[in-house]
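# Secondary and tertiary structure notes
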Amino acid sequence: MAATILDGKTLARKIQNETKESVAEFVDQQQVTPTLAAVLVGEDPASQVYVRNKERACKRVGIDSQLHRMPESSTTDELLAKVDSLNQDSAVHGILVQLPLPNGIDARRILDAVSPDKDVDAFHPGNVGLISQGRPRFLPCTPHGIVQMLARNQISTDGKRVVVLGRSDIVGKPMAMMLAGRDCGLGSSVANATVTVCHSRTQNLAELTAAADVLIAAIGQPKFVTAAMVKPGATVIDVGINRTDEGLVGDVDFHAVLPVAGYLTPVPGGVGPLTVTMLLENTLLAARIQTGCQID
Ligand code: GUN
């Protein structure tokens, strides 16, 4: 039997409707509109698309968004000054510095400079540390979206084998920490996994992936995951967004894996729409933190 396709677009719309209600309630109580500031350096076409999508999504749920464009030739110091002014601006609750930054800019210094209370990407080492200790402030958007997708489809990872393909700071590492922990905030059923992180130096990779109950592919290699690498009935989450001659493809060979997996996310329309949705949630949380609201 073919896998059930996990529709991220429909789920994202549903969660955004929930966020919209929460934003309206917050605005009503606090007389403050949650505001996200995105910083876009240079002209990278993919980044322009992402930032536009984020702006549109903010509008849909009643969050104000600001776009701060800076030239490709900007220096690290100029960017640090921009981040500092946004940190100081009490009308800005969330700050997002769009990656990748142009060569020559010290990305680590920039991301470290974002106030941890405004760090809606959860890239600041303080926020990463809180995740690793099982008491997150913000959850990074893509892993958060994946956990939402699992939880809302009643797919449990409790006691299961999860393989994360990729060890990036944005997806692989935080994903592994969240699923290996006791509860990242969405309940014990989407935590408590036995997690293996695989990467470019992993030996006998297919053997490891074929033992996974849940396989999360985040390595940025088109159609890397083949049918032979998937356990029959497994849940396969495809985080890849690869631009190829045949269009946008994921890290999973979708048509080959479809007859083997139990659940499978498509690309596009899988994890992607949830990532931006979780950014909205994080911006509302940032506004709550900065207005001294009770965090539930
Ligand atoms: N570029 C690709 N993914 C991301 C992300 O999650 N956050 C930011 N800021 N930039 C990105």
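Structural data are supplied above this passage.
These remarks concern the structure in this document. (Residues numbered from 1 in each chain as written. Predicted model: local features only at pLDDT ≥ 70, side-chain atom pairs only at ≥ 80, totals over all residues. Heavy atoms only, no water.)

## Some remarks on the pairing of strand β4 (residues 94-97)
- By the alternation rule, side chains of β4 split into Gly94 and Leu96 and Ile95 and Val97, which are all buried.
- Sheet topology places strand β2 (residues 35-41) next to β4; four bridges connect them, and they run parallel. Looking at the pairing, Leu36 lines up with Gly94 of β4. (Buried < 20%, exposed > 50% of the residue type's maximum accessible area, 1.4 Å probe, protein only. Helix = DSSP H or I, 4+ residues; strand = E, 2+ residues; numbered from the N terminus. Pairing = 2+ DSSP bridges.)

## Quick word on a positive patch on the surface
- Positive charge collects at one region of the surface, where Lys9, Arg13, Arg52, Arg56, Arg60 and Arg69 lie side by side.
- Listing elements by their share of the positive patch, those giving two or more residues are α1 (8-30) and α2 (45-61).
- For the positive patch, the element with the highest residue contribution is α2, accounting for three residues.
- Assessed through its relative accessible area of 53%, Lys9 is described here as exposed. (Patch = residues over 30% accessible without salt bridge, like charges linked within 9 Å, V, L, I, M, F, W, Y side chains within 5 Å. Areas by Shrake-Rupley, 256 points an atom, 1.4 Å probe, with all protein chains shown as cover. Salt bridge = Lys/Arg side-chain N within 4 Å of Asp/Glu carboxyl O. Lys, Arg positive; Asp, Glu negative; His and termini not counted. Charge placed at Lys NZ, Arg CZ, Asp CG, Glu CD.)

## A look at the sheet that holds strand β11 (residues 263-264)
- Sheet architecture is open: six strands sit in the order β1-β11-β8-β7-β5-β6, paired in parallel fashion. Every other strand in the sheet has two partners, leaving β1 (4-5) and β6 (194-198) as the edge strands with one partner each.

## Quick look at the site of the ligand
- Neighbouring residues of the ligand: Leu96, Val97, Gln98, Leu99, Asp121 and Phe123.
- Here Leu99 contributes a backbone N or O atom positioned 3.0 Å from a nitrogen atom of the ligand.
- A distance of 2.7 Å separates a nitrogen atom of the ligand from a polar side-chain atom of Asp121.
- For the ligand, the accessible surface in isolation is 280 Å², of which the surrounding protein chains cover 80%.
- Within the shell around the ligand, the residues separate by chemical class into four nonpolar, one polar and one charged. (Near = heavy atom within 4 Å. Polar contact = N/O pair within 3.5 Å; in protein donor to acceptor, adjacent residues only side chain to side chain. Nonpolar A, V, L, I, M, F, W, Y, C, P; charged D, E, K, R; others polar.)

## Here's the deal with the pattern of salt bridges
- Following the criterion strictly, the structure yields seven salt bridges and no others.
- In this structure, the salt-bridge partner of Asp117 is Arg137, at a minimum N-O distance of 3.5 Å. Of this pair, Asp117 sits in the loop between α4 (107-113) and α5 (125-132) while Arg137 sits in the loop between α5 and α6 (141-152), and the two are 20 residues apart along the sequence.
- Residue Arg137 is classed as partly exposed on the basis of its relative accessible area, which comes to 30%.
- We note a salt bridge from Glu246 to Lys223, for which the minimum N-O separation is 3.3 Å. With Glu246 in the loop between β9 (242-244) and β10 (247-249) and Lys223 in the loop between β7 (214-217) and β8 (235-238), this residue pair connects regions lying 23 residues apart in the sequence.
- Salt bridges here are not isolated pairs; linked through shared partners, they connect Lys14, Glu18 and Arg152.

## Observations concerning the environment of Ala3
- One can find Ala3 in the segment before β1.
- In sequence terms Ala3 and Val260 are 257 residues apart; their C-alpha atoms lie 6.8 Å from each other.

## Remarks on the state of the cysteines
- Overall, the coordinates contain zero disulfides when judged by the stated rule.
- Of the cysteine sulfurs around Cys293, a residue in no disulfide, the closest is that of Cys58, at 18 Å.
- By relative accessible area, which is 19% here, Cys293 ends up buried. (Disulfide = S-S within 2.5 Å.)

## Description of the sheet that holds β2
- Spatially, three strands are ordered β3-β2-β4 in an open sheet, and the strand pairing comes out parallel. Two strands in the sheet have a free side with no partner beyond their single neighbour: β3 (64-70) and β4. Here the average twist between neighbouring strands, direction ignored, is 20 degrees.
- Seen against the sheet, α2 touches β2, β3 and β4 and runs at an angle of roughly 160 degrees to β3. (Axes fitted to C-alpha atoms, helices over the stretch in contact; angles between N-to-C directions. Contact = heavy atoms within 4.5 Å.)

## Quick look at the nonpolar core
- With 50 residues, the main nonpolar core has Ile146, Ile216 and Ile237 as its most contacted residues.
- The set of elements that each furnish at least two residues to this core consists of α1, β2, α2, α6, β5 (161-165), α7 (172-180), β7 and α10 (271-290).
- The element contributing the most residues to this core is α10, with 10 residues.
- Sequence-distant contacts of Ile216, that is, excluding residues within four places in its chain, are made with Ile146, Val162, Val163, Val164, Leu165, Met175, Leu179, Ile237 and Val239.
- Of all hydrophobic cores here, the second largest spans 18 residues; its members include Leu165, Ala217, Val225 and Ala261. (Core = buried A, V, L, I, M, F, W, Y, C linked by side-chain atoms within 4.5 Å.)

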